[in-house]
Amino acid sequence: GENVEQHPSTLSVQEGDSAVIKCTYSDSASNYFPWYKQELGKRPQLIIDIRSNVGEKKDQRIAVTLNKTAKHFSLHITETQPEDSAVYFCAASSNTGNQFYFGTGTSLTVIP
Amino acid sequence: DTAVSQTPKYLVTQMGNDKSIKCEQNLGHDTMYWYKQDSKKFLKIMFSYNNKELIINETVPNRFSPKSPDKAHLNLHINSLELGDSAVYFCASSQGISNQPQHFGDGTRLSIL
């Protein structure tokens with residue numbers, strides 16, 4: 001089955017700096033990679049996703065990059081703000097699979 | 001309108017009791033999931049139903065029994081609750097079995113005394 005590893009487990013940045021979270025996956029059949037943000041005491045919410053037919057996707061201050069050859073994908077947050085503080089989860093899935101395989105989460109703290 | 005709603009939001013009960021958590025989605029999705037999130041924040045898939053049929057049953061004690069009366073509902077019944085069952089349980093739904101975004105409910109925080 002698929003194995004998704006996520007790093008780092010915790011990340012602290014100064015407000016205004018960039019944050020990068022990286023995930024690797026093992027199954028070359030995986031072709032859908034969503035990212036979820038979970039604020040304290042709240043539900044995970046989809047913030048951006050990417051499919052394997054593209055290498056990068058941007059939405060305002062958030063971007064995701066995908067390297068299919070190396071089997072890794074990353075979340076980039078620019079100009080971080082205190083409200084970006086949360087736990088971020090990556091995930092991977094495939095057409096032939098029947099579930100998401102979640103990473104172990106990254107706790108991001110943005111220091112004002 | 002809440003897309004995926006779970007009840008109750010909090011559940012505090014004694015060890016050994018039986019309890020149920022209900023989930024309903026109004027997104028018209030055909031697939032629903034139960035996840036367990038422990039104190040370390042890991043999101044662990046427990047069950048998945050597609051069109052009322054069980055498609056994922058991870059290594060979960062048989063004290064946990066899901067039931068899907070229709071595509072819009074997926075309930076979770078837990079027998080003989082144990083201390084280790086304390087966690088937040090999330091319901092989610094998606095259109096299709098894979099490769100589509102999953103929408104999560106607000107979670108049910110289960111505390112076993």
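That block above? That's the structure.
The notes below deal with the structure included here. Worth saying up front: this structure is predicted, and the values here are computed from it rather than measured. (Residues numbered from 1 in each chain as written. Chains lettered and ligands numbered in written order. Predicted model: local features only at pLDDT ≥ 70, side-chain atom pairs only at ≥ 80, totals over all residues. Heavy atoms only, no water.)

### Some remarks on the side chain of Lys37(A)
Residues and elements named next belong to chain A.
Move 1: Secondary-structure assignment places lysine 37 in strand 4 (residues 30-38).
Move 2: Looking at lysine 37, its side chain comes within polar contact range of the side chain of glutamate 39, at 3.5 Å.
Move 3: In this structure the side chain of lysine 37 is engaged in a polar contact, spanning 2.9 Å, whose partner is the backbone oxygen of glutamate 83.
Move 4: Not counting chain neighbours up to four residues away, the residues in contact with lysine 37 comprise Arg43, Pro44, Gln45, Ile47, Glu83, Asp84, Ala86, Val87 and Tyr88. (Helix = DSSP H or I, 4+ residues; strand = E, 2+ residues; numbered from the N terminus. Polar contact = N/O pair within 3.5 Å; in protein donor to acceptor, adjacent residues only side chain to side chain. Contact = heavy atoms within 4.5 Å.)

### What about the pattern of salt bridges?
Move 1: Summed over the entire model, instances satisfying the criterion amount to six salt bridges over all chains.
Move 2: Where Asp84(A) meets Arg61(A), a salt bridge forms, and the shortest distance between an N and an O atom there is 2.9 Å. Of the two residues, Asp84(A) is situated in the loop between strand 8 (72-77) and strand 9 (86-94) and Arg61(A) in the loop between strand 6 (56-59) and strand 7 (62-67); the sequence distance between them amounts to 23 residues.
Move 3: Asp85(B) serves as the salt-bridge partner of Arg63(B), at 2.9 Å between the closest nitrogen and oxygen. In this pair, Arg63(B) is assigned in the loop between strand 6 (53-57) and strand 7 (64-70) and Asp85(B) in the loop between strand 8 (73-78) and strand 9 (87-94), connecting sequence segments 22 residues apart.
Move 4: When salt bridges that share partners are traced, they join Arg63(B), Glu82(B) and Asp85(B) into one network. (Salt bridge = Lys/Arg side-chain N within 4 Å of Asp/Glu carboxyl O.)

### Concerning the interface of chain A and chain B
Move 1: Every contact between the two is made by 20 residues of chain A and, on the other side, 19 residues of chain B.
Move 2: Buried surface at the junction of chain A and chain B, summed over both partners, amounts to about 1800 Å²; 53% is from carbon and sulfur atoms.
Move 3: Run the count over chain A and chain B and you get one salt bridge.
Move 4: When the shortest N-O distance is used, the salt bridge between Asp106(B) and Arg43(A) registers 3.3 Å.
Move 5: Connecting chain A to chain B are nine residue pairs in polar contact (both at pLDDT 80 or more).
Move 6: Contributing elements (two or more residues each) for the side of chain A that touches chain B: strand 4, strand 5 (45-51) and strand 9 of chain A.
Move 7: Residue contributions to the side of chain A that touches chain B peak at four residues, all from strand 4 of chain A. (Buried area = accessible area lost by both parts, 1.4 Å probe.)

### Points about the nonpolar core
Side chains that are nonpolar tend, in soluble globular proteins, to be buried together.
Move 1: Grouped together as the largest cluster of nonpolar side chains are 23 residues, with contacts concentrated most on Phe33(A), Trp35(A), Phe73(A), Leu75(A), Ile77(A), Tyr88(A) and Leu108(A).
Move 2: Those elements giving two or more residues to this core turn out to be strand 2 (10-14), strand 3 (19-25), strand 4, strand 5, strand 7, strand 8, strand 9 and strand 11 (106-111) of chain A.
Move 3: Ignoring anything within four residues of it in the chain, the contact list for Ile77(A) reads Asp17(A), Ser18(A), Ala19(A), Arg61(A), Ile62(A), Asp84(A), Tyr88(A) and Leu108(A).
Move 4: In terms of nonpolar packing, the next biggest core, distinct from the first, is built from 20 residues, Val4(B), Ile21(B), Cys23(B) and Met46(B) among them. (Core = buried A, V, L, I, M, F, W, Y, C linked by side-chain atoms within 4.5 Å. Buried < 20%, exposed > 50% of the residue type's maximum accessible area, 1.4 Å probe, protein only.)

### A closer look at the packing of aromatic side chains
Move 1: Scanning the model with the defined rule gives 16 aromatic pairs over all chains in all.
Move 2: Geometrically, the ring pair formed by Tyr36(A) and Phe104(B) is edge-to-face, given 5.5 Å between the ring centres and 80° between the ring planes. Here Phe104(B) lies in strand 10 (residues 103-104) and Tyr36(A) lies in strand 4, a pairing that spans two chains. Here Tyr36(A) matches Phe104(B) in class, with each residue buried.
Move 3: One aromatic cluster is present, built from ring pairs that chain together Tyr32(A), Tyr36(A), Phe89(A), Phe100(A), Phe102(A), Tyr33(B), Tyr35(B), Phe90(B) and Phe104(B). (Phe/Tyr/Trp six-rings, centres within 6.5 Å; stacked < 30°, edge-to-face > 60°.)

### Focus on the pairing of strand 2 (residues 10-13) of chain B
Residues and elements named next belong to chain B.
Move 1: On strand 2, burial follows the alternation: Leu11 and Thr13 on one face are buried, whereas Tyr10 and Val12 on the facing-out side are not.
Move 2: Sheet analysis places strand 2 next to strand 11 (residues 108-112), joined by four bridges and oriented parallel. Of the residues in strand 11, the one forming a bridge with leucine 11 is leucine 110. (Pairing = 2+ DSSP bridges.)

### Observations concerning the environment of Ser12(A)
Residues and elements named next belong to chain A.
Move 1: With respect to the helices, strands and loops of the structure, serine 12 is situated in strand 2.
Move 2: Overall, the relative accessible area of 51% leaves serine 12 in the exposed class.
Move 3: For the pair serine 12 and leucine 108, spaced 96 residues apart in the sequence, the C-alpha separation amounts to 5.9 Å.
Move 4: For serine 12, the residues in contact, after removing those within four places along its chain, are Thr109 and Ile111.

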